Amino acid sequence: MNYKMRLNLNSFFYLFLFALCGSPILVDAQTANEQVPPYPSEVFFGTNMGYFPGWTDEDLATISKGDPAKGVEGIGTETLRPALFGHFLEQWGYDARIAAFKYYQSIGIKDIVCFIGEPSKEQRETKVYCPDVGPSNHYKDLYEPIWDNGENGTPVNENNDFALYVYKTVSLYKDYVKIWEIWNEPDLADRDFKGHSMAPPGTSGSWWDNNPDPCEYKMRAPVFHYIRTLRIAYEVIKRVQPDALVATGGVGYPSFVDAMCRNTDNPDEGKVTADYPLGGGAYFDVLSFHCYPHIDGSLKKWNMSKFRHDLFRHTDKAAQGVVDAKYRFDKVLKSYGYNGQKYPEKHWILTEVNIPRIPLNNQLGSDEAQRNFIIKSVVLSKRENIRQYHIYNLAEASPHDMQVNLTEFNAMGVYQSLLDIPKYEMKLTEGGLAYKTTAQLLGGMYFDFDKTANLGLDNSMDGGVFSDELGRSVIVVWAKTSIDNSEEANGTFKRKGEWMTQDLVLANWDYAKTKELSPIQTDEIKLTGAPVFIFMPDAKNVMSPSKAIDIIQGVGDSKVTVNYNIKQDGFADIDLINSSGKRIRTILDQEEVRMGTYNVQFSKKGIKPGVYFVRMIIGQKMSSEKIVIQ
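Cut-offs used in this document
- Residues numbered from 1 in each chain as written.
- Predicted model: local features only at pLDDT ≥ 70, side-chain atom pairs only at ≥ 80, totals over all residues.
- Heavy atoms only, no water.
- Axes fitted to C-alpha atoms, helices over the stretch in contact; angles between N-to-C directions.
- Helix = DSSP H or I, 4+ residues; strand = E, 2+ residues; numbered from the N terminus.
- Left-handed = near helix turned anticlockwise from the far one by under 90°.
- Contact = heavy atoms within 4.5 Å.
- Nonpolar A, V, L, I, M, F, W, Y, C, P; charged D, E, K, R; others polar.
- Buried < 20%, exposed > 50% of the residue type's maximum accessible area, 1.4 Å probe, protein only.
- Pairing = 2+ DSSP bridges.

Chemist: I would appreciate a short explanation of the packing of helix α6 (residues 161–173) against helix α7 (residues 223–240) in the present structure.
Modeler: A pair of packed helices is characterised by two quantities: the angle between their axes and the separation of those axes. Contact geometry for α6 and α7: axes closest at 9 Å, N-to-C directions at 35°. Note on packing geometry: the crossing formed by α6 with α7 is right-handed. Touching Phe162, Ala163, Val166, Tyr167, Val170 and Ser171 of α6 are Thr229, Ile232, Ala233, Val236, Ile237 and Val240, all from α7. Here the residues of the contact of α6 with α7 sort into ten nonpolar, two polar and no charged.

Given below as structure tokens:
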């Protein structure tokens, strides 16, 4: 069924949405030149889900976040980066992923980043801008008006395929998505054989001085068309979901962002006119970028005297590469006034990042390097106010690909291959275990600049202090690496100030598996290139020796007593769920609670004998305990 047939069948539904939302035509749309909505959330740890035959998106979310009802711990990520492609929704129906997104929400996933784009065959533009490659990858009719007078049951113009797709998608998924990412990697230079995307200003063909050639990059169309998709998406999303944030697709080249900002969406060479008054920077709140330091030039520098590159294949240089990438993009944005003075500053998210755990093509890569890089780049990303960090990828490639088609991207994943293994019997890579440890110990915490300054770290060390609203703090610190192809480093961390009088413990990168905490009995701690976590024993809920939930039921009792331990003020949900995650009984429903130990009872009447779980959710924290009802 094509999209116009489905539109006619569903016109009543969208007319109902239209009536609820009101006509967006009557409201003057602001742009990101006037306002960028605040984003105060500390949700940070995410992952790219990937595609693995035999595994549903719900399965992948389960092994990412974890779901006690299924007996799966996961890696404790707080958010996800799924996709809602146009071609998929057109084929299977726009509500095809609602159940999956509801499931994400039910297990505590928040602030989802969802990337959109990729038209169906019927929606795709047929014009050819690059005869040797093929037609444009954009939607057709981009330059039809965005809005109409409400004909056909929607406030958008149904002749503008992209506007209609965005409207229908956001109307259905707005309760589950916080950040809408417009197209994945729109600047992917897949045929840029002359290196124009990376060439410096003043170089022939450089994207800094010339608009990208449609033949050189993924979109196969003028850059003004991508700006047009940003504008359409921005206008539609802000009218349907005013508190949402609109992001660029994960970009890789500052020269492309410069082309976006210096051009309007005018198909006539991006010129400023009354109909096309603003550059592309007006139509996004968040700059989403990708960073792979081992292949983007971060780890080498041309030495003219030696006529070769000097190499810096170690993880401190790689982690700094993430920071440097942000600085390069930020320099572009500031040059166009996005500095908090002329125009609002943008938010930042890092939606693909990693290095391989295998050395390939003379690049940085090993298990040790990957786990060190992940922890260090998390710390530096939080320090640089990057609001989300999405590891690439959830799992590695198939064993076959790892043997005969091995690329750096196949050797990235928090899990080893998910193919040809029983469901939920996956194995973490060492990098995945390091990410899990970091998410457990730093989840929900912010980078504390004041406490970090008081650590007194010298030039041989790096790291920082993370704190939460309850005043708990965790130090992450390491000795800085500096030798090519080596993770060896040494340093000494000396306790100062408030840390002198506290009883502290130390956890290593594999804490999420070992649960080992080493008491610190001296004022000096020897460091290596591997980061360590230092804190008071009760600094995080995961370290508390007391159970979150304890269940009491005597033989023949008609009621079950649930003792629960609250470690932070908030609103608590306690439910009885079955092994499939279905709620059987609500015990507490958004009950306001304060720190302390409490109990509550529920009746077993009407509950069939079997195995269940008592699940408690407070904020982003979830705990569960198994119960057998007879």
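Chemist: Is there a simple way to explain the pairing of strand β13 (residues 473–479) in this structure?
Modeler: Consecutive side chains along a regular strand alternate between the two faces of the sheet. Burial of β13 is extensive: seven of the seven residues sit out of reach of the surface. Both faces of β13 are covered, namely the face carrying Ser473, Ile475, Val477 and Ala479 and the face carrying Val474, Val476 and Trp478. As paired elements, strand β12 (residues 461–467) and β13 share seven bridges and run antiparallel to each other. Within β13, the residue paired with Met461 across the bridge is Ala479. Between the end of β12 and the start of β13, which pair antiparallel, lie five residues, with Gly471 showing a positive phi angle near 85°. Pairing between β13 and strand β18 (residues 532–535): four bridges, direction antiparallel. Bridge pairing in β18 links Val474 to Phe535.

Chemist: Looking at this model, I keep getting lost on the sheet that holds β13. Mind explaining?
Modeler: Sheets are built from strands that pair by backbone hydrogen bonding, the pairs being arranged parallel or antiparallel. Taken together, the six strands give an open sheet; going across it, the order is β11-β12-β13-β18-β15-β16, and neighbouring strands pair in antiparallel fashion. Edge positions in the sheet fall to β11 (446–447) and β16 (518–519), since each of these pairs with one other strand and no more. Examined bridge by bridge, β11 and β12 share two bridges and lie antiparallel to one another. Note that in β12 the partner of Phe447 across the bridge is Phe466.

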